[in-house]
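The chain contents come next:
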Amino acid sequence: MERPIRVLVAKPGLDGHDRGAKVIARALRDAGMEVIYTGIQQTPEMIVEAALQEDVDVVGLSILSGAHMTLLPRVTALLREQGMEDVLVIAGGIISDDDARELRERHGIAAVYGPGTSTQEIVRFIREHVAQKA
Amino acid sequence: MELAEQLLSGSRRALARGITLVETGGPQARELLRAVYPHTGRAHIVGITGAPGVGKSTLVSALAGEWRRRGRSVGVVAVDPSSPFTGGAILGDRIRMQAQSGDAGVFIRSMANRGRLGGIARATGDAVALLDAAGFELVLVETVGAGQGEVEIAGAAHTTVVIDVPGMGDDVQAIKAGLLEIADLYVVNKADRDGVDATVKQLRAMLHMGQRSRDGWQPPVLTAVAMSGEGVAAVADAVEQHLAHLRAHGRLEERLRARAAYELKQAIEETALMSVRARVGAQEWEELVAQVAARTADPYTLAASLLGSERQPR
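Residues numbered from 1 in each chain as written. Chains lettered and ligands numbered in written order. Predicted model: local features only at pLDDT ≥ 70, side-chain atom pairs only at ≥ 80, totals over all residues.

(A) Region of interest: the sheet that holds strand 2 (residues 74–80) of chain B. Residue and element names in this part refer to chain B. The strand order 4-2-5-1-6-7-8 describes an open sheet built from 7 strands, whose pairing is parallel. One side of each edge strand has no neighbouring strand; the edge strands of this open sheet are strand 4 (106–112) and strand 8 (221–223). Adjacent strand axes in the sheet meet at a mean angle of 20°, parallel and antiparallel pairs treated alike. With 5 bridges connecting them, strand 1 (residues 44–50) and strand 6 (residues 159–164) associate as parallel partners. For Thr49, the partnering residue across the bridge sits in strand 6 and is Val162. (Pairing = 2+ DSSP bridges. Helix = DSSP H or I, 4+ residues; strand = E, 2+ residues; numbered from the N terminus. Axes fitted to C-alpha atoms, helices over the stretch in contact; angles between N-to-C directions.)

Rendered as structure tokens:
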């Protein structure tokens, strides 16, 4: 049966810049998705526990602190521990191309978005990949 | 049913999946509810309601913390509105519930109302039943920001807490008119602000003004600062006292009956709609809608004919 795509939008790490995350949350809402917004300064453990309780299809992580190579692999590792490897994980922030490649290829981050990405591109990516899964 | 067994044996993943299932509805959801229903009826269901911004999420979080300190497990269902245009929603209640993160004795689920009016979602009662079956001793239901008509929570909860704040001036009168009758207790939150005494006095005056107390219970008016935790223990006490009062005066059965009637009515509405939608194709549905829109048919006649045992030839 048809149901809205559920997305958790969270900011791991210590930076408090959540404007980008809020813009994404709003765009996903406008695309008909249910967005659980947990706000700033989330540990990977908090993010995965929220993803579990909320039974989301997608986890969107926004990170500008530079700690992405530590925090993002930790999130996907914890999801795997919970048997939640079917959850689509995407990330956005200031992330170098090399880091982005490594996150995609080795750490289960499905897509990495930099500044200037159109929100429509993200919406399209989520729709395609969640539909594929179902 | 495997999901039901996992849920009953305490799997948080199964509980989360089960809630998704009952939100979506359908035969599997019915099967799950049938399997867990005999295990429900143990939790104390507490509704938390009030206008947007009065501090519902913060008070829910503070109350959950208080009951955890008392050694009790707490489930939370937090309802936020869906966009009437896109069906999307931003569910932000968890932002104010971070203190409970990582505590296995707490389970928080955000829920979009998916167009349902009345302050809660269609599946809120079903989600509460799953949390109850999973063994949570208290289940707190946070409604959408409520105005006058969002009173459905009173039919779904054993105890209803209505939150108000000082300084809402005359606007508050409208809210009171809608929510006053369903409050088992009142909390004036943000009580560190000016005007708290006036608000408390107004509420007490309203409560004494000709309103017969429901179930022989006089709803107390308490003050709290949910953000700092001030007054929260007294709110938890009053919620517990309310349930004890209902039990002691034989009123709990009445409430449970009212709740059962509400559940049954809701299930009939949903089942009827689903059975019609299953029989009527998308194209025929659009035609029926067009007839009503064009005023060539009225909705009641069509509904009666669709629900009749024998469908009328059109």
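(B) Spotlight on the pairing of strand 6 of chain B. Residues and elements named next belong to chain B. Within strand 6, 6 of the 6 residues are buried, leaving the element largely enclosed by the surrounding structure. For strand 6 and strand 7 (residues 185–188), the ladder comprises 4 bridges, and the chain directions are parallel. Bridge pairing links Val162 to Tyr186 in strand 7. (Buried ≥ 20, exposed ≤ 12 C-beta atoms within 10 Å, placed from the backbone.)

(C) Fine view of helix 4 (residues 56–69) of chain B. All names here are of chain B. Relative to the 20 Å expected for 14 residues at 1.5 Å per residue, helix 4 spans 20 Å between its end C-alpha atoms, a close match to the ideal helical length. With 10 of 14 residues buried, helix 4 lies mostly within the body of the structure. Along helix 4, the residues classified as buried are Lys56, Ser57, Thr58, Leu59, Val60, Ser61, Ala62, Leu63, Ala64 and Trp67. Two residues or fewer after helix 4 comes Gly71, characterised by a positive phi angle close to 80°. (Expected span 1.5 Å × (residues − 1).)

(D) Spatial organisation of the pairing of strand 3 (residues 58–63) of chain A. Residues and elements named next belong to chain A. Of all 6 residues in strand 3, 6 are buried, a share of seventy percent or more. Here strand 3 shows two buried faces, one formed by Val58, Gly60 and Ser62 and the other by Val59, Leu61 and Ile63. As judged from the 4 bridges shared by strand 1 (residues 6–12) and strand 3, these two strands associate in the parallel manner. In the strand pairing of strand 3, Val7 is matched with Val58. As paired strands, strand 3 and strand 4 (residues 88–93) are joined by 6 bridges and run parallel to one another. By the bridge assignment for strand 4, Ser62 is matched with Gly92. In this fold, strand 3 hands off to helix 3 (residues 68–81), which returns the chain to strand 4; that crossover is right-handed. (Right-handed = clockwise from strand over helix to strand, strands pointing away.)

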